[in-house]
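The residues making up each chain are set out below.
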There are 2 protein chains.
Amino acid sequence: MLRLYHYWSSVCSQKARLCLAEKSLPWESVHVDLFNFENYQPAYTRLNPKALVPALDHDGRIVIESNVILEYLEDVFPQVWLRPGDAYERSLARLWLFNAEEIAHPNVGVCSHNARHAVRFKSAGISDEVVLRAADQCPNPVVGLRLRRRIEVGVTEADENEAYAKLDYLLDQMERQLEQGPWLAGAQYSLADIGMAPMINRIEVLPRPEIIAAARRPRVADWWQRIQARPAFVEAFSFKNPNADDPVKR
Amino acid sequence: MLRLYHYWSSVCSQKARLCLAEKSLPWESVHVDLFNFENYQPAYTRLNPKALVPALDHDGRIVIESNVILEYLEDVFPQVWLRPGDAYERSLARLWLFNAEEIAHPNVGVCSHNARHAVRFKSAGISDEVVLRAADQCPNPVVGLRLRRRIEVGVTEADENEAYAKLDYLLDQMERQLEQGPWLAGAQYSLADIGMAPMINRIEVLPRPEIIAAARRPRVADWWQRIQARPAFVEAFSFKNPNADDPVKR
């Protein structure tokens, strides 16, 4: 049995849900409330010592890190192939999985703080003191120290500009890649597209959606239309926010 | 034919050389002088727009990103298997490949700046102005802006302490993983061990080598002894520094 520990709007959870949907695999949902810091609690960090979602429980074996989960699902459930057969195209699929984590994810994270995360904390009445106490409880300092800095120092306009410069660079690479074929790894939709789809989905609701508009990057915009038209995308991204009061609706 | 663009002491170049050596694959060397900023020049960024080493040219197809190169070599030259056959163990191999890039690499990078990189710039008479000019030429802002900050702001003791806290966390995970078997993905030496070996090799010559000592982390220390005893390790790590005047000898 497949059980996914995830959060409705986390980009990495969306990656895992999208892969499960593309493969039409049934799975049990365990929603982990990141804004209640459930992912920092021992009940969860026993499963995932990195204190991050998603985590996949497959018959008692725990697989963590979204890119690793995607490759695992591909290894175990190859009925719907999402890794290209050609070794070079497969390397492109893995390059884009890596780019999504190395460049897209941390930088959409920076740009999501003021626009989404801080808004969410405020609307739920979660004070800075509560967030800082939670950050100190997080066993993974990569996560805990980042959250502490976001509360203590904040995300400045300079930070956001730098993050957008990095996203611009990556989107330029993406536009160029899509000159070679309709999907990021070539002729076939693959894990590469699954890795980038949640990042582009997030950019669309951040303050500078023009960076993925057709006027600026026509191939990225066309790819994004084709991604959203896939039934698996609709299924994976329609997972409902369990908190009706959350000001973040998408 | 395999041609590797690499730098003798870059941890990611070492990963690629170690994998090639484990597989006994012949390869042609193109040494890219990072301290002459050759990796920022168009002649190189045409091959690798991320402006990083290594890059692998396999019969004219260019594969970039060290983890992607390792998986590519495994896909194309599986005669010596470095990915476990069991899907769960394979997920552990990929988790450690990812951990090496997500946590180990950037943080040994932080801790290498004052101890190695700044020393190297100084001994070669490369002024801050020259480095800043090079940083501005780098097409990849992830790399260029990081170098600019290291010159303008420097790496403070607080930065180093934070980086060591993250390395400590990762090494705790590594110690725990090695309770489960002799190698990072279980019973078999794998890409996971190749991913982490250059990181531990670097930590050994940084200011706090005690974090990998037997007194502190016996399983990590024992693993490190076993890694160094492998003929492929000796081969991959004996690639000579072409610059005899470089103060960094290892």
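Residues numbered from 1 in each chain as written. Chains lettered and ligands numbered in written order. Predicted model: local features only at pLDDT ≥ 70, side-chain atom pairs only at ≥ 80, totals over all residues. Heavy atoms only, no water.

Engineer: Please clarify how the overall build of chain A should be interpreted in this entry.
Structural biologist: Along its length, chain A carries ten helices and four strands. Scanning chain A from its N terminus toward the C terminus, one meets helices and strands in the order β-α-β-α-β-β-α-α-α-α-α-α-α-α. Seen through its principal axes, chain A has C-alpha atoms that stretch 50 × 45 × 30 Å. Counting only carbon and sulfur atoms, one obtains 52% of the accessible surface of chain A, whose full area is about 10200 Å². The average position of the 30 basic charges and that of the 33 acidic charges among the side chains of chain A differ by 1 Å. (Helix = DSSP H or I, 4+ residues; strand = E, 2+ residues; numbered from the N terminus. Areas by Shrake-Rupley, 256 points an atom, 1.4 Å probe, with all protein chains shown as cover. Lys, Arg positive; Asp, Glu negative; His and termini not counted. Charge placed at Lys NZ, Arg CZ, Asp CG, Glu CD.)

Engineer: Please clarify how the environment of aspartate 136 of chain A should be interpreted in this entry.
Structural biologist: All names here are of chain A. Note on placement: aspartate 136 falls in helix 5 (residues 128–137). Note on aspartate 136: relative accessible area 53%, which makes it exposed. Placed eleven residues apart in sequence, aspartate 136 and leucine 147 show a C-alpha to C-alpha distance of 9.2 Å. (Buried < 20%, exposed > 50% of the residue type's maximum accessible area, 1.4 Å probe, protein only.)

Engineer: What should I look at first to understand the confidence of the model for chain A in this one?
Structural biologist: In the predicted model, chain A carries a mean pLDDT of 97, and 100% of its residues have values of at least 70. Both scores are given for the predicted complex: the pTM is 0.98, the ipTM 0.97. (pLDDT = per-residue confidence, 0-100.)

Engineer: Got a minute to help me understand the packing of helix 5 (residues 128–137) of chain B against helix 6 (residues 141–152) of chain B in this structure?
Structural biologist: Packed helix pairs are specified by the crossing angle of their axes together with the interaxial distance, meaning the distance between the axes. All names here are of chain B. The geometry of helix 5 relative to helix 6 is characterised by a closest axis approach of 8 Å and an angle of 160 degrees between their N-to-C directions. In terms of their interaxial angle, helix 5 and helix 6 are classed as roughly antiparallel. For helix 5 against helix 6, the interelement crossing comes out left-handed. Here Asp128, Val131, Leu132, Ala135 and Asp136 of helix 5 come into contact with helix 6, specifically with Gly144, Leu147, Arg148, Ile151 and Glu152. Of the residues contributing to the contact of helix 5 with helix 6, the split by class is five nonpolar, one polar and four charged. (Axes fitted to C-alpha atoms, helices over the stretch in contact; angles between N-to-C directions. Parallel < 35°, antiparallel > 145°, perpendicular 65-115°, else oblique. Left-handed = near helix turned anticlockwise from the far one by under 90°. Contact = heavy atoms within 4.5 Å. Nonpolar A, V, L, I, M, F, W, Y, C, P; charged D, E, K, R; others polar.)

Engineer: What's the story with the sheet that holds strand 1 (residues 2–6) of chain B in this structure? I'm lost.
Structural biologist: Two strands in a sheet stick together by hydrogen bonds in their backbones, pointing the same way (parallel) or opposite ways (antiparallel). All names here are of chain B. With respect to topology, four strands assemble into an open sheet ordered 2-1-3-4, the strand pairing being mixed. Among the strands making up the open sheet, the edge pair consists of strand 2 (28–31) and strand 4 (61–64). Along the sheet, successive strands turn relative to each other by an average axial angle of 20 degrees, direction set aside. Where strand 3 (residues 55–58) and strand 4 come together, four bridges link them in antiparallel fashion. Counted as the bridge partner of histidine 58 is arginine 61 from strand 4. (Pairing = 2+ DSSP bridges.)

Engineer: What's the story with helix 3 (residues 66–76) of chain B in this structure? I'm lost.
Structural biologist: Quick reminder: α-helices carry 3.6 residues per turn. Residues three or four places apart thus point the same way. Burial of helix 3 of chain B is extensive: ten of the eleven residues sit out of reach of the surface. Among the residues of helix 3 of chain B, Ser66, Asn67, Val68, Ile69, Leu70, Glu71, Tyr72, Leu73, Glu74 and Asp75 of chain B are the ones counted as buried.

Engineer: Mind showing me how you'd approach the environment of leucine 47 of chain B here?
Structural biologist: Residue and element names in this part refer to chain B. With respect to the helices, strands and loops of the structure, leucine 47 is situated in the loop between helix 2 (42–45) and strand 3. With twelve residues separating them along the chain, leucine 47 and phenylalanine 35 place their C-alpha atoms 19 Å apart. Beyond its immediate chain neighbours, meaning those up to four positions away, leucine 47 contacts Tyr5, Ile62 and Ile64.

Engineer: I'm lost on the domain arrangement of chain A in this one. Help?
Structural biologist: Where the parts come together, the accessible area they lose is often given as the size of the interface. All names here are of chain A. Domain parsing of chain A yields domain 1 (2–76) and domain 2 (87–231). Between the C-alpha centres of domain 1 and domain 2 the distance comes to 18 Å. Contacts between the two partners involve 23 residues from domain 1, matched on the other side by 30 residues from domain 2. Here domain 1 and domain 2 share an interface that buries about 2300 Å² over both sides, 65% of which is from carbon and sulfur atoms. (Domains from an automatic or database assignment. Buried area = accessible area lost by both parts, 1.4 Å probe.)

Engineer: Quick question: what am I supposed to make of the nonpolar core here?
Structural biologist: Considering soluble globular proteins, one finds that nonpolar side chains tend to be buried as a cluster. In this structure, Met174, Met196 and Trp223 of chain A together with Met174, Met196 and Trp223 of chain B are the most contacted members of the largest nonpolar core, which totals 174 residues. What methionine 196 of chain A contacts, discounting residues up to four positions off in sequence, is Trp96, Ala100, Ala104, Leu170, Met174, Leu184 and Trp223 of chain A. (Core = buried A, V, L, I, M, F, W, Y, C linked by side-chain atoms within 4.5 Å.)

Engineer: Just to check I follow, could you spell out the packing of aromatic side chains for this structure?
Structural biologist: Aromatic ring pairs are described here by two measures, namely the spacing of the ring centres and the angle between the planes. By the definition in use, this model includes 18 aromatic pairs over all chains. The interplanar angle of 50 degrees and the centroid separation of 6.4 Å between the aromatic rings of tyrosine 7 of chain A and tryptophan 8 of chain A together place this pair among those described as tilted. Look at tyrosine 7 of chain A and you get buried, because its relative accessible area is 4%. The class of tryptophan 8 of chain A is buried, set by a relative accessible area of 6%. Aromatic pair tyrosine 7 of chain B and phenylalanine 35 of chain B: ring centres 5.9 Å apart, planes at 40 degrees, arrangement tilted. With tyrosine 7 of chain B in the loop between strand 1 and helix 1 (11–22) and phenylalanine 35 of chain B in the loop between strand 2 and helix 2, this residue pair connects regions lying 28 residues apart in the sequence. (Phe/Tyr/Trp six-rings, centres within 6.5 Å; stacked < 30°, edge-to-face > 60°.)

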